[in-house]
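What follows is the residue order along each chain.
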Amino acid sequence: MTEVQYVAPGTLDEAVRVFASASGAARILAGGTDLLVQMRSGAVRPGLIVDIKKIAEMTAIEQGADGSFRIGAAVSGAALREHAKLKAIWPGVVEAANLIGSTQIQGRASAGGNLCNASPAGDSVPAMVAAAATVTVQGPNGRRQLAVEKVPAGPGRTTLAKGEIVVSFTLPPRPKGSGDAYLRMIPRTEMDIAVVGCGVSLTLDKGTCTAARVGLGAVAPTVLLVEDAAKALIGSKLDAAALDKAANACRAACRPIDDKRGTIAYRTQIAGVLLKRAATIAAERAGRS
Amino acid sequence: MAKLHVSTTINGEPHEFLCDAEQSLLDVLRGPLGLTGSKEGCASGDCGACSVTVDGRLVCSCLVLAPEAEGKSINTIEGMATSDQLHPLQQKFLEMAALQCGICTPGVLMAAKSLLDRNPDPTEHEVRFWLAGNLCRCTGYDKIVRAVMETAKDMREAVR
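Small disclaimer: the values here were computed from a predicted structure and weren't measured. (Residues numbered from 1 in each chain as written. Chains lettered and ligands numbered in written order. Predicted model: local features only at pLDDT ≥ 70, side-chain atom pairs only at ≥ 80, totals over all residues.)

Asker: Looking at this structure, I do not really get the interface of chain B and chain A. What am I missing?
Answerer: Accessible area lost upon the coming together of the parts serves often as the stated size of an interface. With 22 residues of chain B at the contact, the number on the chain A side is 22 residues. Among the elements that line the side of chain B that touches chain A, the one with the most residues is strand β4 (residues 57-60) of chain B, at four residues. Here the residues of the side of chain B that touches chain A are counted per class, giving 14 nonpolar, five polar and three charged. (Contact = placed C-beta atoms within 7 Å. Helix = DSSP H or I, 4+ residues; strand = E, 2+ residues; numbered from the N terminus. Nonpolar A, V, L, I, M, F, W, Y, C, P; charged D, E, K, R; others polar.)

Next comes the structure, spelled out in structure tokens:
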């Protein structure tokens, strides 16, 4: 077995340089709650581990003058939970990230890791998709931004090029009357992998939905942005007919697998149920904002 | 390949050790540092028996790489009692028999202390959720939860 090398660069440029020039398999280490488990099981054998937590940008949460938030890719779930302002404006994003694992896992697990692990069932991803988060990526050819839903390519695979590192998520400025929510279905009370996950973000103006986005998890090889569900909500007063239409759009978007956690029929049915519940919670939060 | 040299602080004392890149913090605590209070249960972050704090944050030391300890402040179960005085949680666990075989106990105590440091007056619901990452196959959890609630009450009254 070849020996593993560990580096913890202090700058992003240095991190990209060593990550891009690695000859064998290289892995980014944020919270390590997936990577270390995969290494121990033998699923992954990196020759190089690049710890990004000594890079200030990776572990910071900042609010811009326009009200947008920039969340470093390695910020832990616990740090998200403790950021009162972020939690007030994006409760759905924070509750989704906080569903990942126990208190101990929350002390380490990050949204950047959750995205790059590329599980279709990653809890923070549908909420980030609903929030219209953009991801800043840096690689050997410089920086670029892309929509969060463009990152996953399939289970365990991303669209990132060799040497590219996810740096941060940007959540857009929030108009008045906006709210978001994330719900997942698991067969037990806590600490399990989503059978279905649904994130909804919407904006209300005098009770009419003027903007909406829906993210669905664990029902396809990647987390889905369900534009037809959003269209069904926009322009409505979130009445039963609009919610039914949006729920059906979610069910139509599902391309799930049968496995021990849930059947195709069950996942498809639940996707619509969660859409209605999450939209109702998001609307209630929007009414308070 | 050369070992990595790591300087860190453990229970308030400076420590140095040599490790391989893929070794866990738990490996180093239990091995070269001789701090065997933290236990290895699952080695995959599910059971919480290896719970420690890193810069005040509760984590599973099996899911931290040893070289990540560089420059950090780590607290383990060995630092919980002061000289010959048990921490109130430790004392209460003994009094209320909140342990049986004991292998989960160091992790449970570290997690419970981390909760009470942040929230001196938790509800039972909050205690159960906070400790959900600490598996115990003996007690059925009730005695643990009650001991944490009782300790919190005692500590609140003590500071009054």
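This is not the end of the story, as more comes after the structure.
Asker: I would appreciate a short explanation of helix α2 (residues 88-95) of chain B in the present structure.
Answerer: Along an α-helix, a turn takes 3.6 residues, which lines up residues three or four apart on a common side. Residue and element names in this part refer to chain B. Considered for burial, the residues of α2 that qualify are Leu89, Gln90, Lys92 and Phe93. Seen from one end, α2 has its buried residues packed into an arc of 165°, which puts them on one side. Counted as exposed and oriented over 90 degrees from the buried face of α2: Leu94 and Glu95. Against the buried residues of α2 lie α3 (105-118) and α5 (142-159). At the exit of α2 stands Ala97, carrying a positive phi of roughly 50°. (Buried ≥ 20, exposed ≤ 12 C-beta atoms within 10 Å, placed from the backbone. Arc of directions from axis to C-beta.)

Asker: What is the right way to read the pairing of β4 of chain B from this model?
Answerer: Remember that side chains alternate between the two faces of the sheet whenever the strand is regular. Residue and element names in this part refer to chain B. For strand β3 (residues 51-54) and β4, the ladder comprises four bridges, and the chain directions are antiparallel. Each bridged residue has a counterpart across the sheet, and for Thr53 the counterpart in β4 is Leu58. Linkage of β3 to β4, two consecutive antiparallel strands, is achieved through a turn of two residues, within which Asp55 is found at a positive phi near 50°. (Pairing = 2+ DSSP bridges.)

Asker: Is there a simple way to explain the sheet that holds β4 of chain B in this structure?
Answerer: The strands making up a sheet associate through hydrogen bonds between their backbones, and the pairing can be parallel or antiparallel. Residues and elements named next belong to chain B. The five strands lie next to each other as β2-β1-β5-β3-β4, forming an open sheet whose pairing is mixed. Strand pairing shows two members of the sheet lacking a second neighbour, β2 (13-19) and β4, which therefore form its edges. Pairs of neighbouring strands in the sheet enclose a mean axial angle of 40°, with direction left out of account. As paired strands, strand β1 (residues 4-10) and β2 are joined by seven bridges and run antiparallel to one another. Of the residues in β2, the one forming a bridge with His5 is Leu18. Sheet strands touched by α3: β3 and β4. Its angle to β3, the strand with the most contacts, is close to 40°. (Axes fitted to C-alpha atoms, helices over the stretch in contact; angles between N-to-C directions.)

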